[in-house]
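Observations on the three-dimensional arrangement
Given next are the chains, with one letter for each unit.
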Amino acid sequence: GNHHRKEAILDRKILWEGSLNILSQIKSREIMRTIDSKKIALVCFNNGKLDNYELLISHGETRSEQLYDLIIMFEGQIKAIKPDVVYLEEAIYISNFKTSRSISEVIGNMKFVLTENKIPYEAVAVTSWKKKVIGKGNAKKQDVKDFILKKYPQLEGNEQDIFDATAICMHGIKCEQEKLLNKDE
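Rules used in this analysis
Residues numbered from 1 in each chain as written. Predicted model: local features only at pLDDT ≥ 70, side-chain atom pairs only at ≥ 80, totals over all residues. Heavy atoms only, no water. Helix = DSSP H or I, 4+ residues; strand = E, 2+ residues; numbered from the N terminus. Buried < 20%, exposed > 50% of the residue type's maximum accessible area, 1.4 Å probe, protein only. Areas by Shrake-Rupley, 256 points an atom, 1.4 Å probe, with all protein chains shown as cover. Core = buried A, V, L, I, M, F, W, Y, C linked by side-chain atoms within 4.5 Å. Contact = heavy atoms within 4.5 Å. Expected span 1.5 Å × (residues − 1). Arc of directions from axis to C-beta. Salt bridge = Lys/Arg side-chain N within 4 Å of Asp/Glu carboxyl O. Axes fitted to C-alpha atoms, helices over the stretch in contact; angles between N-to-C directions. Left-handed = near helix turned anticlockwise from the far one by under 90°. Nonpolar A, V, L, I, M, F, W, Y, C, P; charged D, E, K, R; others polar.

1. Topic: the overall build of the protein
- Across its full length, the protein carries six helices and five strands.
- Each helix and strand of the protein, placed in order from N terminus to C terminus, yields the pattern β-β-β-α-α-β-α-β-α-α-α.
- Taking all 185 residues of the protein together, 30% fall into the buried category.
- Surface exposure of the protein reaches about 12,700 Å², of which carbon and sulfur atoms provide 54%.

Quick look at the structure:
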């Protein structure tokens, strides 16, 4: 019969794979193999077999381990998608030094991954993408959320980061369209 392979990753290190539907089967002749290996779990994730990174969230890891996992996952997505260009928000500096440092580390590592994979990127100031997309460089978080939800109501219920990322994507699309228009002139 048909064998549909299913996979799940727990705590970023335990891979379950096999034919059993894990969430709905109690009595079955299907089997699941369990592999306790962080490296194998991340390789499976990065090969595009799983696309829901929330399966990998673990609160017991150090900040460095979480950053490493995030960058490994980002690189896997970049290799799977192979974008022509990536738009990133520039690092912001806030009064909380640890948060500012973490944001800077993530952005720096993302730039490294993009450079290593020969993918051009543009870092965009917060005020620039807000001005181009929302129309106000000083738009508040609620303004961004309202604007994005008006355009994409299916995003209701998401966190602010999703609205910001969507707006940055829209900024990138507008910039690429402008480049094409200028090229044709």
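2. Some points on the nonpolar core
- Within the largest apolar cluster, 15 residues are counted, with the highest numbers of intra-cluster contacts made by Trp-129, Val-144, Ile-148, Phe-163 and Ala-167.
- For this core, the secondary structure elements donating two or more residues are α4 (126-133), α5 (141-151) and α6 (160-184).
- It is α6 that provides the largest number of residues to this core, a total of five residues.
- When residues no more than four places from it in sequence are discounted, the contact partners of Ile-148 are Leu-155, Phe-163, Thr-166, Ala-167 and Met-170.
- Core analysis: the second largest hydrophobic core is formed by ten residues, Ile-78, Met-110, Val-113 and Leu-114 among them.

3. Description of helix α3 (residues 97-116)
- Counted at 1.5 Å a residue, the expected span for α3 with its 20 residues is 28 Å, and the 28 Å between its end C-alpha atoms agrees.
- For α3, the complete set of buried residues consists of Ser-100, Ile-107, Met-110, Val-113 and Leu-114. End-on view of α3: buried residues confined to an arc of 160°, all on one side of the axis. Those residues of α3 that are exposed and aimed more than 90 degrees away from the buried face are Phe-97, Lys-98 and Phe-112.
- Considering only its buried residues, α3 is in contact with α2 (63-81), β4 (86-89) and β5 (121-124).
- Trailing α3 by a residue or two, Lys-118 shows a phi angle of about 55°, which is positive.

4. Quick notes on the pattern of salt bridges
- Within this structure, the stated rule accounts for six salt bridges.
- Between Glu-105 and Arg-101 there is a salt bridge; the shortest N-O distance is 4.0 Å. In this pair, Glu-105 and Arg-101 both sit in helix α3, four residues apart, roughly one turn of the helix.
- Relative accessible area serves as the criterion here: at 25%, Glu-105 is assigned to the partly exposed category.
- Residues Glu-178 and Lys-132 are paired through a salt bridge, measuring 2.9 Å at the closest nitrogen-oxygen approach.

5. Observations regarding the packing of α2 against α3
- Interhelical geometry of α2 versus α3 gives an angle of 35° and a closest axis separation of 10 Å. Handedness of the crossing formed by α2 with α3: right-handed. In this structure, α2 uses Arg-63, Leu-67, Leu-70, Ile-71, Phe-74, Glu-75 and Ile-78 to contact α3, whose residues at the interface are Arg-101, Ser-102, Glu-105, Val-106, Asn-109, Met-110, Val-113 and Leu-114.
- Looking at the contact of α2 with α3 residue by residue, the class counts come to nine nonpolar, two polar and four charged.

6. Focus: unusual backbone geometry
- Positioned with a positive phi, Lys-82 is a non-glycine residue whose angle comes to about 55°.
- Along the chain, the position of Lys-82 falls in the loop between α2 and β4.
- What makes Lys-82 exposed here is its relative accessible area of 61%.
- Within the chain, Lys-118 stands out as a residue other than glycine whose phi angle is a positive 55°.
- Within the secondary structure, Lys-118 sits in the loop between α3 and β5.

7. Structural notes on α5
- Those residues of α5 that sit buried are Val-144, Ile-148 and Leu-149. The arc that holds the buried residues of α5, viewed along the axis, is 120°, so those residues lie on one side.
- On its buried face, α5 sits against α4 and α6.

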